[in-house]
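# Results of the structural survey
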Amino acid sequence: MTHHRLSAPGAPAEARLLLVEDDEVIRNTVRMLLERYGFTVATAADGLTGLEVFRETDPDLLLLDVMLPDLDGIGLCRRVREFSLAPILMMSARGDTLDVVSGLEAGADDYVVKPCESAVLVARIRSLLRRASFSPDTVAGRDGTAGDTDGTTVTFGDLTIDTRGMEVRRDGRTLALTPTELRMLLEFAASPGVVLERRTLLSRVWDHAWHGDTRVVDLHVQRLRAKIGAERIETVRGFGYKLRR
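Remember, it's a predicted structure, so these values are computed and weren't measured experimentally.

The rules we used
Residues numbered from 1 in each chain as written. Predicted model: local features only at pLDDT ≥ 70, side-chain atom pairs only at ≥ 80, totals over all residues. Heavy atoms only, no water. Pairing = 2+ DSSP bridges. Helix = DSSP H or I, 4+ residues; strand = E, 2+ residues; numbered from the N terminus. Contact = heavy atoms within 4.5 Å. Axes fitted to C-alpha atoms, helices over the stretch in contact; angles between N-to-C directions.

## Points about the sheet that holds strand S11 (residues 233-236)
Strands sit in the order S10-S12-S11 across an open sheet of three strands; the sheet is antiparallel. With partners counted over all chains shown, the strands left at the sheet margins are strand S10 (196-197) and S11, one partner each. Pairing geometry for S10 and strand S12 (residues 240-243), over two bridges, is antiparallel. Bridge pairing in S12 places Leu 196 opposite Tyr 241. On the sheet, helix H8 (residues 215-228) packs against S11 and S12 and is oriented at approximately 145° with respect to S11.

Quick look at the structure:
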């Protein structure tokens, strides 16, 4: 599985994007908008072509509509997640709960509802790209939790986080975490045993507390639990989540 890293961290506007949208007017409008912000944008009009172009170009971020011919956005998202951890931003014309939940469960990192303001769309893309290139020197526990002697490895039971190599292992097996899942785990690891509210995680991980939709947090916690162990992250009803020591 591809572990994505931007070629130019700190300069997300230089990233290569793939836009998959069947509406020609919307596709061209969004492409021109993103190009004005300095992005390089490849496009596809259906899901199967989008999958082919993704494999050929290996973009830094995938932006796709939910409703696509041949292979819909949910299916495309699942297929991409079989071999890539690149950030995925889904667009939904309806914003229905089913669209949002299905997209996030399929492996998307975030979503926007069409029509979307240009500034919001670009901000979401830049946030995802920053997350993909996120590489902290250490995850020093805020409560004094110690890692190994050089401070680059933190261990919680069978879970080991190598903050220098940006790898997570469970029982010695390397886990394939998306940039969003990794960033969320790092937030938990920095404050083990401390309850993190959903809006705190939304602000720290997604950088967009203004939207106010915490479903994205809940769905990513579910995905993270499936990989690191359901018992590792505890739900504190009415407040949020915490990583068990």
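## What to know about the sheet that holds strand S4 (residues 88-92)
Judged by pairing direction, the sheet is parallel, and its five strands sit side by side in the order S2-S1-S3-S4-S5 without closing on themselves. The open sheet has two edge strands, strand S2 (40-44) and strand S5 (110-113), and neither has a second partner. The mean angle between the axes of side-by-side strands here comes to 20°, regardless of whether they run parallel or antiparallel. Where strand S1 (residues 16-20) and S2 come together, five bridges link them in parallel fashion. Following the sheet pairing, Arg 16 is matched in S2 by Thr 40.

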